[in-house]
Amino acid sequence: MPRAPAVARVLELVTATARAHEMFLPRQTVLVAVSGGPDSVCLLHSLYNLRRLLRIHLEVFHLDHGLRPDSGKDAEYVRRLTRRLKVPVVRSPS
């Protein structure tokens with residue numbers, strides 16, 4: 001199934017930026033900080049879709065600071081998302 005034009009454009013921009021700034025080395029593990037908000041989730045999805053092209057391995061880090069009463073929902077969302085994508089999660093120190 002073809003990607004939506006907006007999604008394709010985001011992936012093009014992420015690829016161009018990563019290459020222009022030589023952000024990743026082949027076979028490098030990239031730690032993606034994911035809060036559960038739209039920006040970091042978009043970044044995770046982008047890198048996930050580009051992982052083979054960029055030749056990188058992904059891991060996710062989520063730290064629940066507990067600043068909002070419902071912050072646990074973000075943490076659970078990130079856990080579900082990483083399980084679905086089969087991306088390892090690096091646990092924060094307790």
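Residues numbered from 1 in each chain as written. Predicted model: local features only at pLDDT ≥ 70, side-chain atom pairs only at ≥ 80, totals over all residues. Heavy atoms only, no water.

Q: In this structure, what is going on with the environment of L53? I would like to understand it.
A: Secondary-structure assignment places L53 in helix α2 (residues 38-54). Residues L53 and P26, spaced 27 residues apart in sequence, show a C-alpha to C-alpha distance of 9.6 Å. Residues within four places of L53 in sequence aside, it is in contact with T15 and R19. (Helix = DSSP H or I, 4+ residues; strand = E, 2+ residues; numbered from the N terminus. Contact = heavy atoms within 4.5 Å.)

Q: Where do I start with helix α3 (residues 71-85) in this structure?
A: Three or four residues apart is the spacing at which side chains of an α-helix point the same way, because the helix has 3.6 residues per turn. Over its 15 residues, α3 extends 22 Å from the first C-alpha to the last, a length consistent with the 21 Å expected when each residue adds 1.5 Å. For α3, the set of buried residues is S71, A75, V78, L81, T82 and L85. Down the axis of α3, the smallest arc covering the buried residues is 125°, so these residues share one side. Among the exposed residues of α3, those oriented more than 90 degrees off its buried face are K73, R83 and R84. On its buried face, α3 sits against α2, β2 (56-61) and β3 (89-90). Within two residues after α3, K86 carries a phi angle of roughly 60°, on the positive side. (Expected span 1.5 Å × (residues − 1). Buried < 20%, exposed > 50% of the residue type's maximum accessible area, 1.4 Å probe, protein only. Arc of directions from axis to C-beta.)

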